[in-house]
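Here's the letter readout for the chains.
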Amino acid sequence: MAKRFMVVTCVLLLAYFLFTSGLVFEAVGSETIDKVDMPYSVALSDDRIGVLEVANEDDVACARWLAEDRFSETSAILFMDVWSTYYRGEQDWVEWWNNDVAHCTATKIIPLLEWARQERLPVVFIDGDNVGLVPAMEAGRHGGLVTNSADEFDAWLKERGIKTVFYAGYAVNGCILERDTGMRAMSALGYNTVLIEDCSLPAPDWPYDGEAALAEIWNELGGIVSSEELEKMADGDFQIFADYNGVRLMLDYYDEFQKLSPNEPPYKHYLFFTSWNTTHKKMVFCPTAALRYYTPLHSLEGAVKLYWKGDAVVYLAP
Amino acid sequence: MKTAIVSMLALVVLTAFGSYYQSPVVPYAVIGAICAVVVLVALGKVRPREYPIYLYGMSLALLWQTTMLGSHIVGADIHGEFLVANRAVAQGWDLSYPHIYNTSAVLGVLSPMFAKLGIPVLWQFKALYPAVFALVPVILYFAYKKMMGGQRAFWASLFFVFVPVFFVEVVGIVKSMVAEVFFALMVLLFVLNMKTWKKALGIGLLAILASFCHYTIGTLAMFYLIGGLFVLLICKAVNRGIFRKVRMSLVGSLGLVAIAVVAFNFIWFSNVVDGCVVRGWEIVGGNMKGVVAGFFDGSDDAVITQPSDVPAESASAVPSEGGVSAPESGSSVPEESPPIGEQFYLYGQEPLVRTAIGLDFGNASVGGKVFRILQYLTEFLIALGFGYLLFRHRKYKITAEFEVCIWASFILLLVCIFLPAFSSMMNVSRLYQITLFFLAPMLVIGVEEVGSDISKGVGWAKDLLVLRM
């Protein structure tokens, strides 16, 4: 082949390759991926436009949690400071809060505990100041752990392979968050910590506002569920979204995400899945890179943030 | 030789680690290295015996640039394959498991075998199968070299690599990666000088192996055997050019092989996974019949049925040319296209088809327009190249079998473009890539012959001017 033709072919193919490699797409800063325009490269442009949402280890951990972990085998319920009595403090608010606490304990916490025992879920009782727990809970009589020690708690969880701890008790903006065995501390140790909102109460006039505490739990910790949702998850009735085909996945979820986040186009919600032994429940799973396209979590109306590892989040949607 | 091996080894290792840790520099380094190699080849600084090494290195770097990204697999359909492969590793290949990907021996047999050898499924998908797939351009190089010499073969193989379907789409379908190696070996057999019965037997075996790996590639291999045979019979009847030398024994052998391959495919795919692949064929055939009948009747009632158990194999969420690839079979007519009959029907074809024939040129960005011009140029040169080949047979040692496959490729592309809704039932970009197994050399012939004619024309013009002066 004559050299001049080699050069011509070289020039043609190089020009073609500069486009097909995605270099031109990246160089001009194009973001057009919803229609046929120019070729783009995952390696060059994924970071900028999130075209394929490359998974990292946190994403894989989340997916494995969904696929391989079973709710009852890897979750525990912790009852924080469900004391038998509340002593008066310097202010009168304690009295009426006692009534709220008594009501919550009787109508929510005790039934939750009975349900957990029926389901053979691991339960933990924390009596932070050794005040004495509500007798009706019969803590320590039906199995479960009674402790104030974070180390003991951690070892107990590891021994049982527990990865998620659901918190009930008092108070949301106090001990539940702040104790050594609380949500912040256990989250720092790598556990997924979720609040059962209707089985807990914030303390009024506390330095840390109840609403701020809930926001912190929602945005930075494991999220919030209700006892009804918890029961549904254990029963397997809770609807989560999944599929085994990426494109169909996005299209399946598009309607749901339209309800949850109406301003986000579907291709930005690349939904990662893997779950070769899942039981065909549906799941929503958002890899790390996709998070930046989400509106703030509280706008995912009705969605429950179930599992969190690093930046990867698992939601359950009703 | 040492330089070639060391440099390409360094390139692929850098690509692997850089992609895994998502270094932003690596993709640019890969592009730069490839451009450098290509320029060196053009300037004659690379010895022809090193071409296969450079081809393999460049191909693997491009593939690993995508597959090695992050700590998990990348793509869309590949997750379903991951599912099936892991299941096969854990429980054996259960042919009754209702997933169409379960028809693939890559997932059902190869993956468990490699897992037993200590290679986890994840790393098979990320590293091993792309390393196997990178052999395809090298095999094609040797095939093309037989026909047109090493230099032309290099450029043809390089064009095959540079079409983004190679390193963006197919890289997300593990079973296709292995199947295309068998398909490439089929192409090699088409050009080799062998005893007829051995050649036919080899082609048949490779077509069957391709079917074992991937139902789509197997179907296309079947198409090439049947379509190629049909064209061969016509050309033999015309009895001109290279077809004068075609012996009836070749026609007969290929015919028998085609029957055997078709029979195997029907028996195999009828019995595995509840016959879902055969159902898919029936639905695609039914859709085509309905659409064509509706088109000629002038009715708008053509209904495209999607098989419920055949997942839309989208190849990747990443489009080959800036748009989402069409699902492989049985998908609905794309939403953007107007109903057939309301406009010129070609506007109802799939987006990539409309791009290929220039119908969306006005809607593209500036960069998109420039790319389209380059794309049209390659398509034009391929067509011209084939035209030149028909009239200049003696210059190139194209075998009759290879030439009929070129004809079959053009027929396939024309059907994609002009048959209403055909393109929305098959993955167009993947079809184009398969046709390039036979059409890539036509680009090089086109460049050379057009260039040669232009040079001659310029020479004559100069002589004319001189004479006048």
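Note that the coordinates shown come from a computational prediction; the quantities given were computed from them, not determined experimentally. (Residues numbered from 1 in each chain as written. Chains lettered and ligands numbered in written order. Predicted model: local features only at pLDDT ≥ 70, side-chain atom pairs only at ≥ 80, totals over all residues. Heavy atoms only, no water.)

**Things to note about the overall build of chain A**
Stage number 1. Along the backbone of chain A there are twelve helices and nine strands.
Stage number 2. Residues counted as buried form 56% of the 318 residues belonging to chain A.
Stage number 3. Long-range contacts, defined here as pairs at least 24 residues apart, represent 66% of the contacts in chain A between residues at least 6 apart.
Stage number 4. A total of about 13500 Å² of accessible surface is found on chain A, and carbon and sulfur atoms cover 49% of it. (Helix = DSSP H or I, 4+ residues; strand = E, 2+ residues; numbered from the N terminus. Buried < 20%, exposed > 50% of the residue type's maximum accessible area, 1.4 Å probe, protein only. Contact = heavy atoms within 4.5 Å. Areas by Shrake-Rupley, 256 points an atom, 1.4 Å probe, with all protein chains shown as cover.)

**Looking at the overall build of chain B**
Stage number 1. Within chain B, the secondary structure is distributed over 19 helices and zero strands.
Stage number 2. Residues counted as buried form 61% of the 469 residues belonging to chain B.
Stage number 3. Within chain B, contacts between residues at least 6 apart in sequence are counted, and of these 73% link residues at least 24 apart.
Stage number 4. Total accessible area computed for chain B in this model is approximately 18300 Å², and 69% of it derives from carbon and sulfur atoms.

**Looking at the packing of aromatic side chains**
Geometry of an aromatic ring pair is reported as the spacing of the ring centres plus the angle between the planes.
Stage number 1. Within the structure shown, the criterion is met by 32 aromatic pairs over all chains.
Stage number 2. A centroid spacing of 6.0 Å and a plane angle of 20 degrees characterise the contact between Tyr-16 of chain A and Phe-371 of chain B, whose relative ring orientation is stacked. Here Tyr-16 of chain A, found in helix H1 (residues 3-20), pairs with Phe-371 of chain B, found in helix H16 (residues 366-391), and the two come from separate chains. Judged on exposure class, the residue Tyr-16 of chain A and its partner Phe-371 of chain B are both buried. (Phe/Tyr/Trp six-rings, centres within 6.5 Å; stacked < 30°, edge-to-face > 60°.)

**Here we look at a nonpolar patch on the surface**
Stage number 1. Taken together, Val-7 and Val-11 of chain A together with Val-39 and Leu-43 of chain B make up a surface patch of nonpolar side chains, about 280 Å² in accessible area.
Stage number 2. The exposure class of Leu-43 of chain B is partly exposed, given its relative accessible area of 40%. (Patch = residues over 30% accessible without salt bridge, like charges linked within 9 Å, V, L, I, M, F, W, Y side chains within 5 Å. Salt bridge = Lys/Arg side-chain N within 4 Å of Asp/Glu carboxyl O.)

**A few points about the packing of helix H10 (residues 174-191) of chain B against helix H11 (residues 196-213) of chain B**
Residues and elements named next belong to chain B.
Stage number 1. As a packed pair, H10 and H11 sit with axes 8 Å apart at the nearest point and diverge in direction by 170 degrees. Considered as vectors, H10 and H11 are oriented roughly antiparallel to each other. Touching Lys-175, Val-178, Ala-179, Phe-182, Leu-185, Met-186, Leu-189, Phe-190 and Val-191 of H10 are Lys-199, Gly-202, Ile-203, Leu-206, Ala-207, Leu-209, Ala-210 and Cys-213, all from H11.
Stage number 2. A breakdown of the residues in the contact of H10 with H11 according to their chemical character gives 14 nonpolar, one polar and two charged. (Axes fitted to C-alpha atoms, helices over the stretch in contact; angles between N-to-C directions. Parallel < 35°, antiparallel > 145°, perpendicular 65-115°, else oblique. Nonpolar A, V, L, I, M, F, W, Y, C, P; charged D, E, K, R; others polar.)

**Quick word on the sheet that holds strand S5 (residues 192-201) of chain A**
Note on sheets: strands pair through backbone hydrogen bonds, and any given pair is parallel or antiparallel.
All names here are of chain A.
Stage number 1. On the basis of which strands lie adjacent, the open sheet formed by six strands has the order S3-S2-S1-S4-S5-S6 and parallel pairing. Each end of this open sheet is capped by a strand with a single partner; those strands are strand S3 (145-147) and strand S6 (224-225).
Stage number 2. As judged from the six bridges shared by strand S4 (residues 164-170) and S5, these two strands associate in the parallel manner. Paired with Tyr-167 across the bridge in S5 is Leu-195. (Pairing = 2+ DSSP bridges.)

**Quick word on the pattern of salt bridges**
All names here are of chain B.
Stage number 1. One pass over the structure, following the stated rule, counts ten salt bridges over all chains.
Stage number 2. For Arg-152, the salt bridge is made with Glu-448, and the minimal N-O distance between the two is 2.5 Å. Remark: Glu-448 occurs in helix H19 (residues 428-468) and Arg-152 occurs in helix H8 (residues 150-162); sequence separation between them is 296 residues.
Stage number 3. Residue class for Arg-152 comes out buried when judged on its relative accessible area of 15%.

**Comments concerning the nonpolar core**
Stage number 1. Membership of the largest hydrophobic core comes to 169 residues, with the highest contact counts inside it found for Phe-125, Trp-155, Phe-159, Phe-183, Phe-437 and Phe-438 of chain B.
Stage number 2. Broken down by element, the residue count for this core peaks at 15 residues, all from H19 of chain B.
Stage number 3. Sequence-distant contacts of Phe-159 of chain B, that is, excluding residues within four places in its chain, are made with Leu-13 and Tyr-16 of chain A together with Thr-378, Ile-382, Tyr-432, Leu-436, Ala-440 and Leu-443 of chain B.
Stage number 4. Core analysis: the next-biggest nonpolar cluster, separate from the first, contains 29 residues, Ile-77, Val-82, Val-194 and Cys-199 of chain A among them. (Core = buried A, V, L, I, M, F, W, Y, C linked by side-chain atoms within 4.5 Å.)

**A word on the pairing of S4 of chain A**
Residues and elements named next belong to chain A.
Stage number 1. Burial analysis of S4 places seven of its seven residues in the buried class, the great majority of the element.
Stage number 2. The alternating pattern of S4 places Thr-164, Phe-166, Ala-168 and Tyr-170 and Val-165, Tyr-167 and Gly-169 on opposite faces, both of which are buried.
Stage number 3. Relative to S4, strand S1 (residues 75-80) runs parallel, the two sharing six bridges. In the sheet register, Leu-78 faces S4, and the bridge partner there is Tyr-167.

**Examining helix H13 (residues 248-271) of chain B**
Residues separated by three or four positions in an α-helix point in the same direction, a consequence of the helix having 3.6 residues per turn.
Residue and element names in this part refer to chain B.
Stage number 1. With 24 residues, H13 extends 35 Å from end C-alpha to end C-alpha; this agrees with the ideal 34 Å at 1.5 Å per step.
Stage number 2. All buried positions along H13 are accounted for by Leu-250, Val-251, Ser-253, Leu-254, Gly-255, Val-257, Ala-258, Val-261, Asn-265, Trp-268 and Phe-269.
Stage number 3. In the stretch just after H13, Val-273 is the one whose phi turns positive, near 50 degrees. (Expected span 1.5 Å × (residues − 1).)

Keep in mind these values describe shape, not function.
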